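Descriptive analysis of the structure
Okay, here's what each chain looks like letter by letter:
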Amino acid sequence: HNLPDTVSVIDGWSRMVVATVKVGHHPDGVAVDSTTHTVYVANSDSHTVSVINGSTHAVVATVPVGNTPFGMTVNPYTHNVYVANYGRPSTVSVIDGLTHIVNAILPVGNGPFGVAVDLATNAIYASNSGDHTLSVIDGATDTLTATVPLANSADGVAVDSDTHTVYVANYGHPTVSVIDGSTNTVTANVHVGNDPFGVAVDPNTHKVYVTNFSDNTVSVIDGSTHKVVATEPVGFNPDAVAVDPNTRTVYVTNYGDNAVSMFKAR
């Protein structure tokens, strides 16, 4: 079913929708602070972030951010929330997760879509779909430290914090760029399916999961070899992807059929 401007809450054990939370207009990105059990939702048409108490499923705050927020990430150690504002001006908003106040607005490349954090180094990575670059931000000082050119339109981004490797899905080009976070250089471009969109990393196995929007599949990349080791069929037009490393379950949202696909991580 298609409910407007809501977030569905799924019980990972029963795989049932247990709550539906009303948020802002056109919710896109979602991020969770697992230490405070707080959920953050980017409302792209409202230009806000909804803050949800994960225990009660109640919206406890609405934070104004930049124009057309999309991707989000949280550093659970600092409780900073990073929001990629896709519209002009192209920025990343930094929200203090404890006070729900925007502490910084950082200029990045054109059309930032995704954002991810290296939990070991506190480096923040914003994928800029408009100019095919990756912005690197020092999370301690909120300063831009590097800009990495990529192969094509940069959409989803994820980080393996153990290896300091960044993965960026190049929508419109069937590749995932692999970036060495220590040197901010592209070390490989892995061929995946058509229109790769979302990326997630299993920190335990170092496997990388990439949704191929036009192929209705997920490519599984071995992080040590940068080779595709499996291709999983999912629903229609898969976009976002996440991994639960404890249950080794992969969750994929399918834009085309309003459903979530689940399969066991490789």
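Residues numbered from 1 in each chain as written. Predicted model: local features only at pLDDT ≥ 70, side-chain atom pairs only at ≥ 80, totals over all residues. Heavy atoms only, no water.

Regarding the sheet that holds strand 10 (residues 101-107)
Selection criterion: Only when DSSP finds a minimum of two bridges between them are two strands counted as paired. Each helix is a run of DSSP H or I of at least 4 residues and each strand a run of E of at least 2, with the numbering of both proceeding from the N terminus. Between N-to-C directions, angles cover 0 to 180 degrees, with each direction set by a line fitted to C-alpha atoms, over the stretch in contact for helices.
Here we have four strands laid out as an open sheet, ordered 7-8-9-10, and antiparallel in their pairing. Looking at which strands have only one partner, the edges of the open sheet turn out to be strand 7 (69-75) and strand 10. Across this sheet, the average inter-strand angle for adjacent strands is 20°, counted without regard to direction. Two strands pair when backbone bridges link them, and strand 9 (residues 91-96) and strand 10 are joined in this way by six bridges, in the antiparallel orientation. Bridge pairing in strand 10 links threonine 91 to proline 107.

Describing the pairing of strand 5 (residues 48-53)
Heads up, the condition is: Burial classification: accessible surface area is computed with a 1.4 Å probe over protein chains only, and a residue below 20% of its type maximum counts as buried, one above 50% as exposed, and the rest as partly exposed.
Judged by how many residues are buried, strand 5 sits mostly within the fold: five of six residues are covered. Note: strand 4 (residues 38-43) against strand 5, six bridges, orientation antiparallel. Among the inter-strand pairings, tyrosine 40 is bridged to a residue of strand 5, identified as valine 51. Here strand 5 pairs with strand 6 (residues 58-64) via six bridges, running antiparallel.

Describing the side chain of threonine 91
Condition: Note on contacts: a residue pair qualifies if any of its non-hydrogen atoms lie within 4.5 Å across the two residues.
By the element assignment, threonine 91 lies in strand 9. Take threonine 91: its relative accessible area is 10%, and that puts it in the buried class. Excluding residues within four positions of it along the chain, threonine 91 makes contact with Val83, Ala84, Asn85, Ile105, Leu106, Pro107, Val108 and Pro112.

Remarks on the nonpolar core
Quick reminder of the rule: Side-chain atoms within 4.5 Å link the members of a nonpolar core, which is a set of buried Ala, Val, Leu, Ile, Met, Phe, Trp, Tyr and Cys residues.
Membership of the largest hydrophobic core comes to 14 residues, with the highest contact counts inside it found for Tyr125, Leu134, Leu150, Val157, Val166, Val168 and Ile179. Where this core is concerned, the elements lending two or more residues are strand 12 (123-128), strand 13 (133-138), strand 14 (143-149), strand 15 (153-160) and strand 16 (165-171). The element contributing the most residues to this core is strand 15, with three residues.

Some thoughts on the sheet that holds strand 15
Spatially, the four strands line up as an open sheet ordered 15-16-17-18, and their pairing is antiparallel. Pairing within the sheet leaves two strands with one partner each, and these edge strands are strand 15 and strand 18 (185-191). Put simply, the sheet's adjacent strands are angled 25° from each other on average, direction ignored. For strand 15 and strand 16, the ladder comprises six bridges, and the chain directions are antiparallel.

Digging into the environment of asparagine 254
The topology assignment puts asparagine 254 in strand 24 (residues 249-254). On the basis of relative accessible area, asparagine 254 is assigned to the buried category, the value being 3%. In sequence terms asparagine 254 and methionine 72 are 182 residues apart; their C-alpha atoms lie 19 Å from each other. Once residues within four sequence positions are removed from consideration, asparagine 254 is found in contact with Val234, Gly235, Phe236, Asn237, Pro238, Asp239, Ala259, Val260 and Ser261.

Focus: the packing of aromatic side chains
Rules: Whether two aromatic rings pair depends on their centres lying within 6.5 Å, for rings of Phe, Tyr and Trp, where Trp uses its six-membered ring; planes under 30 degrees apart make the pair stacked, over 60 edge-to-face, and the rest tilted.
Tallied over the full model, the rule gives nine aromatic pairs. Ring geometry for tyrosine 86 and phenylalanine 113: centres 6.5 Å apart, planes at 85°, overall edge-to-face. Taken together, the positions of tyrosine 86 in the loop between strand 8 (80-85) and strand 9 and phenylalanine 113 in strand 11 (residues 112-118) put the pair 27 residues apart, joining distant regions of the chain. On the basis of relative accessibility, which here comes to 36%, the residue tyrosine 86 falls in the partly exposed class. Accessibility expressed as a relative area gives 15% for phenylalanine 113, which makes it buried. Relative to tyrosine 255, the ring of phenylalanine 213 lies with its centre 6.2 Å away and its plane at 45°, an arrangement referred to as tilted. Of this pair, phenylalanine 213 sits in the loop between strand 20 (207-212) and strand 21 (217-222) while tyrosine 255 sits in the loop between strand 24 and strand 25 (259-264), and the two are 42 residues apart along the sequence. Members of the aromatic cluster, joined through ring pairs, are Phe70, Tyr86, Phe113, Tyr171, Phe197, Phe213 and Tyr255.

Details of the environment of histidine 25
To be explicit about the condition: Any pair of N or O atoms that falls within 3.5 Å is considered a polar contact. Within protein, one atom must be able to donate a hydrogen and the other to accept it, and sequence-neighbouring residues count only if both atoms are side-chain atoms.
By the secondary structure assignment, histidine 25 is in the loop between strand 2 (16-22) and strand 3 (27-33). Spatially, the C-alpha atoms of histidine 25 and alanine 42 are 9.2 Å apart, while their sequence positions differ by 17 residues. Ignoring sequence-local partners within four residues, the contact set of histidine 25 consists of Asp5, Asn43, Ser44, Asp45 and Ser46. A polar atom in the side chain of histidine 25 sits 2.9 Å from the side chain of aspartate 5.

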